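Chain residues, written in single-letter form:
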Amino acid sequence: MRLILSDIDGTLLPKGEKCISERCAEAFRAAHAAGIVCGVATGRGRAQVAPIFRGDASFTETAIATNGLQVYLRGTVLCEKRITHENLVAMRAAIAACPGAGLLYFEGTTPMMLEGARDDLAEIMPSYAPLAVETDEVPAQGVSKANCFLNTDDAGTDAFVSYLNERVEGVDFDTPMRGYTNTMPAGWNKGEAVKLLCEQVGCGLDEVVVFGDAGNDLTMFQAVEHSVAVANATPEAAQAARWHIGPCEDDAVAAAIEQLAAGAWPFER
């Protein structure tokens, strides 16, 4: 394998944890030392990733961030897409017509809340709620990260995503977790970002291993031959993956990367 990419939340990082384990960090270093390009593929913005890797910026030199809107290879920017002002206006109108829903965009690492209630956000993203700044301003230049939220169950989340995809033109929505959506320009996602990285690395899609756990990993799973779901993955992600490993809490991804770095194949059906 020449390229390894992993989702973060629920895949590398267990719920409630703020930093990856030292074992996980060492596994990434071992892959780098073996000549494998190794990075993250996350809905988080790049600025939000470094603290999770204990402040070591080398872990974000290769990254798919904001669900594909930002793509980096060895520190070089390959892609920077934005959610436009017009996109945000359309999203806000759809959210305002959906009781209990909310809309965030980000200025750096600060969540700016255009719509919704802080208490509802706290039920879904408790780390964002106390930091969120309420605003009425839709940025004229657009943004690199925006998310919609609704305090609901899994079925309600699926319905919410369907509602947004039907109501808002020019934007695609997917689900990293219950009650929360990622937002991408139509036709762009983690899967397309993986293809871009492969072109720049000079490797085939059969020379890539990707790890994930949720709905926003599905396009990535569909793009490559070797897709891997952790044991705690959603049923949809588990079904889409070719290979399956143990849970995030047991450092299953780190264990697999260790073996890949050593030239072994860690996956069995």
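Anything mentioned here points back to the structure above.
Calculation criteria
- Along each chain, residue indices are assigned from 1 in the same order as the chain's sequence is written.
- Side-chain atom pairs in this predicted model are given and counted only at pLDDT of 80 or more, local residue features only at pLDDT of at least 70, and totals for whole chains, interfaces and linings cover all residues.
- Hydrogens and water are ignored here; the side-chain numbers use all heavy atoms of the structure.
- Residues grouped as a nonpolar core are buried Ala, Val, Leu, Ile, Met, Phe, Trp, Tyr and Cys residues, joined through side-chain atoms within 4.5 Å.
- Remark: exposure states derive from per-residue accessible area (1.4 Å probe, protein chains only) relative to the maximum for the residue type, with buried under 20%, exposed over 50%, and partly exposed in between.
- A helix here means a DSSP run of H or I that spans at least four residues, while a strand means a run of E at least two residues long, and both kinds are numbered starting from the N terminus.
- Should any heavy atoms of two residues lie within 4.5 Å, those residues are counted as being in contact.
- Here, strands pair whenever DSSP counts at least two bridges between them.
- Pairs were defined over the aromatic rings of Phe, Tyr and Trp, the Trp ring being its six-membered one, requiring ring centres within 6.5 Å. Orientation was assigned from the angle between planes: stacked under 30 degrees, edge-to-face over 60, tilted for the rest.
- As a reminder, the over-ring test applies to NZ of lysine and CZ of arginine, requiring each to be within 6 Å of the ring centre and within 35 degrees of the ring normal.

Peer 1: Hey, could you run me through the nonpolar core in this one?
Peer 2: Soluble, globular proteins show a tendency: their nonpolar side chains are buried together. Phe-28, Phe-53, Phe-211, Ile-257 and Phe-267 are the most contacted members of the largest nonpolar core, which totals 60 residues. The leading source of residues in this core is helix H9 (residues 252-261), at seven residues. When neighbours within four sequence positions are excluded, Phe-53 is seen to be in contact with Ile-8, Leu-12, Ile-20, Phe-28, Val-40 and Phe-59. Listed in part, the 25 residues of the second largest apolar core include Ile-83, Leu-114, Leu-164 and Val-168.

Peer 1: How should I be thinking about the pairing of strand S1 (residues 3-6) in this particular structure?
Peer 2: The two faces of the sheet receive side chains in turn, since in a regular strand these alternate between them. Neither face of S1 is exposed, since Leu-3 and Leu-5 on one face and Ile-4 and Ser-6 on the opposite face are all buried. Sheet topology note: the S1/strand S12 (residues 208-212) ladder contains four bridges and is parallel. Each residue of the ladder has a partner; that of Leu-5, found in S12, is Val-210. Note: S1 against strand S2 (residues 37-41), four bridges, orientation parallel. Note that in S2 the partner of Leu-5 across the bridge is Gly-39.

Peer 1: Which parts of the structure should I look at to understand the side chain of Gln-70?
Peer 2: Inspection of the secondary structure assignment puts Gln-70 in strand S4 (residues 70-73). According to the relative accessible area criterion, Gln-70 is buried, its value standing at 12%. Those residues in contact with Gln-70 that lie beyond four places of it in its chain are Gly-45, Arg-46, Ala-63, Ile-64, Ala-65, Cys-79 and Ser-144.

Peer 1: Would you mind showing me how to read the packing of aromatic side chains here?
Peer 2: What characterises a pair of aromatic rings is the spacing of the ring centres plus the angle enclosed by the ring planes. Scanning the entire structure with this criterion turns up nine aromatic pairs. Arranged with centres 5.2 Å apart and planes meeting at 65°, the rings of Phe-106 and Tyr-128 form a pair that is edge-to-face. Taken together, the residues Phe-106 in strand S6 (residues 101-107) and Tyr-128 in the loop between helix H4 (118-124) and strand S8 (133-134) connect sequence positions 22 residues apart. Accessibility classification places Phe-106 together with Tyr-128 in one group, the buried group. In this structure, Arg-46 packs its charged tip against the face of Tyr-72, placed 3.9 Å from the ring centre. Lying across the ring of Phe-106, Lys-145 places its NZ or CZ 5.0 Å from the centre.

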